[in-house]
Amino acid sequence: MCGRFTLTVDPAELKDAFGDYIFPNKFSPRFNIAPSQPVLAIPNDGKNTADFFLWGLIPSWSKDPSIANKLINARGETIAEKPSFRGGFKYKRCLILTDGFYEWKAVQGEKTKTPYFIHMKDGNPFAFAGLWDEWQSPDGGVLRTCTIITTEPNELMSTLHNRMPVILDRADYSQWLDPAPRAKHPESLLPLIRSFPADKMSAYPVSTMVNSPGNDRAECLLPA
């Protein structure tokens, strides 16, 4: 799964890395983004503009918004079949922007898992493959929410966990964000749901301070 991630770069760096998209002029660096919190994402609505979505998908048809707590991740192997995700896979996909994420490694003989920070070797920001939706509350308000797609781990991630987020290659962004409905042939997108090359990634252990969502500061990224 993917349960925490970061976005510490400033808007100018995102514009350099994602030149075809529009970003907010200002936003605060985040060192420990947790479920239910706002995340910066680019939806496939044809506008190529990033906006903030709440992390934890609430399908438009859901009557209970608490379902978001169970839908922070979507298994890539079943997104074309599961009722909570198949509509989004056909119609509402997004890039979820990040520059790293955390995973916890179980150590034999120890009760406490060791958190690791995983990032690109070149230090550049990247994007998770995600799904999004809009949910209308009884009072008429609209919530925009999203989920991160996961897949089998690559060689690096398999030493830490049995799942990893789907990280899209930049060459695949336009295909993933194509606003054209994929109702008839959603399977054409399935080849994008794969593990990212391990040789482009790196990981190191960090402090257990990241275990608490309340700790959202640069110290979370310091090597343990």
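To be clear, the structure that these remarks concern was listed above.
Computed from a predicted model, the values in this text were never measured in an experiment.

Some thoughts on the overall build of the protein chain
Looking only at helices and strands, the protein chain features three helices and 12 strands. Computed over C-alpha atoms, the radius of gyration of the protein chain comes to 17 Å, within 12% of the 17 Å expected from 2.2 N^0.38 for 224 residues, which places it in the range of a compact globule. With respect to the three principal axes, the spread of C-alpha positions in the protein chain is 45 × 35 × 35 Å. The buried share of the protein chain, taken over its 224 residues, is 49%. Taken as a whole, the protein chain presents about 10800 Å² of accessible surface, with 52% of it coming from carbon and sulfur. Treating the 25 positive side-chain charges of the protein chain as one cloud and the 25 negative ones as another, the clouds have centres 5 Å apart.

Details of the pattern of salt bridges
Summed over the entire model, instances satisfying the criterion amount to 10 salt bridges. Note that Arg30 and Asp216 form a salt bridge whose closest N and O atoms lie 2.5 Å from each other. Of the two residues, Arg30 sits in strand E2 (residues 30-33) while Asp216 sits in the segment after strand E12 (201-205), which places them 186 residues apart along the sequence. Ionic pairing is found between Arg163 and Glu77, a salt bridge with its closest N-O pair at 2.9 Å. Of the two residues, Arg163 is situated in the loop between strand E10 (142-151) and strand E11 (164-165) and Glu77 in the loop between strand E5 (73-75) and helix H2 (86-91); the sequence distance between them amounts to 86 residues. A single salt-bridge network, built from bridges that share partners, covers Asp45, Asp51, Glu134 and Arg144.

Structural notes on the packing of aromatic side chains
With the rule as written, the count across this model stands at 12 aromatic pairs. Between Phe18 and Tyr173, the ring centres sit 5.5 Å apart and the planes meet at 15°, which makes this aromatic pair stacked. Remark: Tyr173 occurs in helix H3 (residues 173-176) and Phe18 occurs in the loop between helix H1 (11-17) and E2; sequence separation between them is 155 residues. Here Phe18 falls in the buried class, since its relative accessible area comes to 2%. Aromatic pair Tyr102 and Trp104: ring centres 6.4 Å apart, planes at 45°, arrangement tilted. Relative accessible area serves as the criterion here: at 17%, Trp104 is assigned to the buried category. Through a chain of ring-to-ring contacts, the aromatic side chains of Phe5, Trp55, Phe101, Phe126 and Phe128 assemble into a single cluster.

Topic: the sheet that holds E12
Taking strand neighbours across the sheet as the criterion, the five strands line up as E2-E1-E7-E8-E12 in an open arrangement whose pairing is antiparallel. Each edge of the open sheet carries a strand with a single partner, namely E2 and E12. Across the sheet, the mean angle separating the axes of adjacent strands is 25° when strand polarity is ignored. For strand E7 (residues 100-105) and strand E8 (residues 114-120), the ladder comprises five bridges, and the chain directions are antiparallel. Following the sheet pairing, Tyr102 is matched in E8 by Phe117.

Side note on the side chain of Asp133
Structurally, Asp133 can be placed in strand E9 (residues 126-136). Only 3.0 Å separates the side chain of Asp133 from the backbone nitrogen of Ser60, close enough to count as a polar contact. If we ignore the near neighbours within four places in the chain, the residues touching Asp133 are Leu57, Ile58, Pro59, Ser60, Lys92, Leu143, Arg144 and Thr145.

Rules of the game
Residues numbered from 1 in each chain as written. Predicted model: local features only at pLDDT ≥ 70, side-chain atom pairs only at ≥ 80, totals over all residues. Heavy atoms only, no water. Helix = DSSP H or I, 4+ residues; strand = E, 2+ residues; numbered from the N terminus. Rg over C-alpha atoms; globule rule 2.2 N^0.38 Å. Buried < 20%, exposed > 50% of the residue type's maximum accessible area, 1.4 Å probe, protein only. Areas by Shrake-Rupley, 256 points an atom, 1.4 Å probe, with all protein chains shown as cover. Lys, Arg positive; Asp, Glu negative; His and termini not counted. Charge placed at Lys NZ, Arg CZ, Asp CG, Glu CD. Salt bridge = Lys/Arg side-chain N within 4 Å of Asp/Glu carboxyl O. Phe/Tyr/Trp six-rings, centres within 6.5 Å; stacked < 30°, edge-to-face > 60°. Pairing = 2+ DSSP bridges. Axes fitted to C-alpha atoms, helices over the stretch in contact; angles between N-to-C directions. Polar contact = N/O pair within 3.5 Å; in protein donor to acceptor, adjacent residues only side chain to side chain. Contact = heavy atoms within 4.5 Å.

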